[in-house]
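Examination of the molecular architecture
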Amino acid sequence: MAYAIARLKKLKRGNISGSASHTARERETPNADPTQKNIRFIGSLNPEERLEDLVLAKIAEHEQRRKIRTDAVYCVELLLSASPSYFRPDCPTQAGYYEPQKLDDWLEATHQWLADEYGSRIVRAELHLDEATPHIHAYFVPLDDQGQLRCNHFFDGRQKIQQFQDSYYQTMRLIGLERGIKGSRAQHQNIKDFYRIVEEGRDLEVDQLSADQLKAKAADRDRANHRKQEMEATAKALALENEQLRRQIAQLEQDNQQLQKLTEWSTDLALDDVAWELGLWRKGNEWVGGNHIINIDASQFTDFGNGSSLGGNSAIDLVKHVNQCNQATAIAWLGERFGEVGAKRAAQAHAQKVAADIIQTQPAPQFTPPVEDKANWSGVEHYLKQKRSIPDDCVQMLHNQGLVYADSKANVVFVMRDLNGKTKGAFLEGTTNKFSGYELGTVRRDSWFYFTLGKKPSEQTSTAVLSDSPIDAISVAMLEYQVKGIPENRTVYMAVDDTSNLPVERLRNVTHVQVAFSQPTVAQAVKQLLPHSKLLKCETGDWNTQLVNFSRQLQQRHSQQNNQELEL
């Protein structure tokens, strides 16, 4: 079993040069093979550049708020390696040998880990290949996120040392390495002692471990077996999933074939084939017969016979023109010559072309809002303030903005607009009866009753509150207003009665979305479409009832206060 190795040594300023002299081979190293070249993969290759200067320059990039102590840790030397049995599984005792692919995998993973974990704070890193087992010396300047020199932030105490080793192991396990005994107090925790093991090319000797450590190793093996079982279970699940995907692909291919047939059925009959069945014969690029001289260009035809230029764009048009018959007779003729499927293809293609022509040439009907009846406004205004407990200033604001007015039947008209502010509908609510509903012609998928509060109109909307109806949208806004005042952020209050007309794409860009629906099922459906939204709970059956109750409580409090003042 091969283990990942990660050890560290804290270097004060006076220790940096000595460490650099050893790792850069600036002094004699008896156990090193001079024929093997070490590789510096982080940092300059300039032999004149001193490690101490690199460390000081990195610290100087950030202004230190406190004077650096004389005994401060300026740099941390990281020793990273793996058991010899990883680099040379077939001959672990053959010092100096390693399998190139094993080395490449380990070096790439370690390099990526250094970049992810410490980034530019690693000022130098070297791969040593001139000793018994490949290993890396990396120098880390312990600057925190504020750029302050704080080694204790990273390596203060046993727990943080374990976190450092855990982090390295999480990367190394991807290439098949195991973690050593977590929490072991063995002497090789010291980098000097452990470096000696690396130099000699030895794995950890089992007979040097205590009984507790042997139990820990056994526990490690149990965990490894458990992970293996989990991986096997995952593999089986993936195999099952792959089989399900294969079946889905087969079903999709079958559906695709059916769609191809439907596509064929939705295309018109070839006009050349229809002309042939009509008894015309080809003469050059034209079809002639009787008084007809017909030019066919794909789905278009033009008859230049008798000096005219009549034409059409479908098989049915061609049959009607040549046979001088109506549409029903033309379809029946096509059914007799091309079968039921052919006649249906021609009829469907003809209908699609007629519909497309109508859509392109005929203007779409525009919504006409109910005519305002100013004589009925006072009654509607009284209804909103007294029956619905909407504050006077809110009613006046909505009326002045043209969002609420009265029609000839004394209904409250709530104007519905698209997101660009264009009126496309209206919701009506009776003041003398229980009538409520949409004005005919309302574009329900693309218009809503909504208004905004807080900040300037030019400010970007950061909060949206969604309700079932215009009355509830106003009620939620007024409940918040009477408790918290005007919203600090630009807030839109919108009535959305169903998820089918929810402006999902626009609301995804709104930071805060609050769902104030009285129906829990609809609220949950909106929550699924907008996962970042927050559900607001209504204490009564609907938000207007809650507003009415709240307004009565306020009136009672004011009345009690007035009575107390009179008594005084």
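Located above this text is the structure these notes cover.
An account of the accompanying structure is given in this report. In this text, all values refer to a predicted model and were calculated from it rather than measured experimentally.

Broken down by element type, the chain carries 17 helices and 19 strands. Expressed as lengths along the three principal axes of its C-alpha atoms, the size of the chain is roughly 110 × 105 × 50 Å. Contacts spanning at least 24 positions in sequence make up 66% of the contacts within the chain whose residues lie at least 6 apart. A total accessible area of about 33,100 Å² is found for the chain, and carbon and sulfur atoms account for 49% of it.

A separate point is unusual backbone geometry. The phi dihedral of S389 is positive, around 60 degrees, even though this residue is not glycine. Looking at the secondary structure, you find S389 in the loop between α12 (377-387) and α13 (392-400). The phi angle at K455 is positive, at roughly 60 degrees, despite the residue not being glycine. Mapped onto the elements of the fold, K455 is located in the loop between β15 (449-453) and β16 (463-467). Overall, K455 belongs to the exposed group, its relative accessible area being 54%.

Attention shifts here to the environment of L51. Along the chain, the position of L51 falls in helix α2 (residues 51-60). The buried category is assigned to L51, whose relative accessible area is 3%. Along the primary structure L51 and S21 are separated by 30 residues, whereas in three dimensions their C-alpha atoms are 9.2 Å apart. Sequence-distant contacts of L51, that is, excluding residues within four places in its chain, are made with I16, A20, V123, R124 and Y139.

Under the counting rule described, the total for this entry stands at 21 salt bridges. Notably, a salt bridge pairs R13 with E52, separated by 3.0 Å at the nearest N-O pair. Placement of R13 in helix α1 (residues 13-23) and of E52 in helix α2 is noted, with a sequence separation of 39 residues between them. With a relative accessible area of 39%, R13 lands in the partly exposed category. Note on E52: relative accessible area 13%, which makes it buried. Residue R444 pairs with D497 through a salt bridge whose shortest N-O separation is 2.6 Å. Of the two residues, R444 sits in the loop between β14 (436-438) and β15 while D497 sits in the loop between β17 (491-495) and α15 (504-508), which places them 53 residues apart along the sequence. Exposure remark for R444: the relative accessible area of 41% places this residue in the partly exposed category. On the accessibility criterion, D497 (26% relative accessible area) is partly exposed. Taken together, the shared-partner salt bridges connect R13, R50, E52 and D53 into one network.

All chains considered together, the criterion is met by 14 aromatic pairs. Seen in terms of ring centroids, W113 and Y168 are 4.9 Å apart; in terms of plane orientation they differ by 65 degrees. Their pairing is edge-to-face. Taken as a pair, W113 in helix α4 (residues 100-118) and Y168 in helix α6 (residues 158-172) lie far apart in primary sequence, 55 residues in all. Of the two residues, W113 and Y168, both sit in the buried class. Each residue in the set W113, Y118, F140, F154, F155, F164 and Y168 is aromatic and connected to the rest through ring pairs, giving one cluster. When the ring centre of Y450 is taken as origin, the NZ or CZ atom of R417, which lies over that ring, is 4.0 Å away.

All right, on to helix α16 (residues 520-529) then. Those residues of α16 that sit buried are V522, A523 and V526. One side of α16 holds all its buried residues, which, seen down the axis, span an arc of 100 degrees. Across from the buried face of α16, at angles greater than 90 degrees, the exposed residues are P520, T521 and Q528. Where α16 is buried, its residues touch β16, β18 (512-516) and β19 (534-535).

Further remarks concern α4. With 19 residues, α4 ought to run about 27 Å at 1.5 Å a step, and its terminal C-alpha atoms sit 26 Å apart, in line with that. Every buried residue of α4 is listed here: L103, W106, L107, A109, T110, W113, L114 and Y118. Directly beyond the C-terminal end of α4, a positive phi value near 60 degrees is found at G119.

The next subject is the environment of G147. With respect to the helices and strands, G147 occurs in the loop between β5 (135-140) and α5 (152-155). As a C-alpha pair, G147 and E340 span 193 residues in sequence and 80 Å in three-dimensional space. Once you skip the residues sitting within four places of it in the chain, G147 turns out to touch H62 and Q64.

The next thing to look at is the nonpolar core. Residues L78, W106, L114, Y118, I122 and F155 are the most contacted members of the largest nonpolar core, which totals 35 residues. When residues in this core are grouped by element, the largest group, seven residues, is from α4. Dropping the residues within four chain positions of it, W106 is found in contact with L80, S81, Y86, F87, L127, P134, H135, I136, Y168, M172, I175 and L177. Core analysis: the second largest hydrophobic core is formed by 33 residues, L384, C394, L479 and L554 among them.

The subject of this paragraph is the sheet that holds strand β2 (residues 39-42). Strand order across the open sheet formed by five strands is β1-β3-β5-β4-β2, with antiparallel pairing between neighbours. With partners counted over all chains shown, the strands left at the sheet margins are β1 (4-12) and β2, one partner each. Sheet twist, expressed as the average angle between the axes of neighbouring strands with direction ignored, equals 20 degrees. Taken together, the six bridges between strand β4 (residues 122-128) and β5 define a ladder with antiparallel strand orientation. Looking at β5, one finds that E126 is bridged to H137. Sheet strands in contact with α2 are β3 (73-82), β4 and β5, and its direction is about 145 degrees off that of β4. Strand contacts of α4: β2, β3, β4 and β5, with the helix running at about 150 degrees to β3, the strand carrying the most contacts.

It is worth spelling out the sheet that holds strand β12 (residues 411-417) at this point. If you walk across this open sheet you meet the four strands as β11-β12-β13-β14, and the pairing is antiparallel. Taken across any chain shown, the strands that pair with only one partner, and hence form the sheet edges, are β11 (404-406) and β14. The sheet shows a mean angle of 25 degrees between the axes of neighbouring strands, direction not considered. Pairing analysis gives seven bridges linking β12 to strand β13 (residues 423-430), with the strands arranged antiparallel. When the bridges of β13 are listed, M416 appears paired with G425. Each of β11, β12 and β13 is contacted by α12, which is oriented at about 130 degrees to β11, the strand it contacts most.

Rules of the game
- Residues numbered from 1 in each chain as written.
- Predicted model: local features only at pLDDT ≥ 70, side-chain atom pairs only at ≥ 80, totals over all residues.
- Heavy atoms only, no water.
- Helix = DSSP H or I, 4+ residues; strand = E, 2+ residues; numbered from the N terminus.
- Contact = heavy atoms within 4.5 Å.
- Areas by Shrake-Rupley, 256 points an atom, 1.4 Å probe, with all protein chains shown as cover.
- Buried < 20%, exposed > 50% of the residue type's maximum accessible area, 1.4 Å probe, protein only.
- Salt bridge = Lys/Arg side-chain N within 4 Å of Asp/Glu carboxyl O.
- Phe/Tyr/Trp six-rings, centres within 6.5 Å; stacked < 30°, edge-to-face > 60°.
- Lys NZ or Arg CZ within 6 Å of the ring centre and 35° of its normal.
- Arc of directions from axis to C-beta.
- Expected span 1.5 Å × (residues − 1).
- Core = buried A, V, L, I, M, F, W, Y, C linked by side-chain atoms within 4.5 Å.
- Pairing = 2+ DSSP bridges.
- Axes fitted to C-alpha atoms, helices over the stretch in contact; angles between N-to-C directions.

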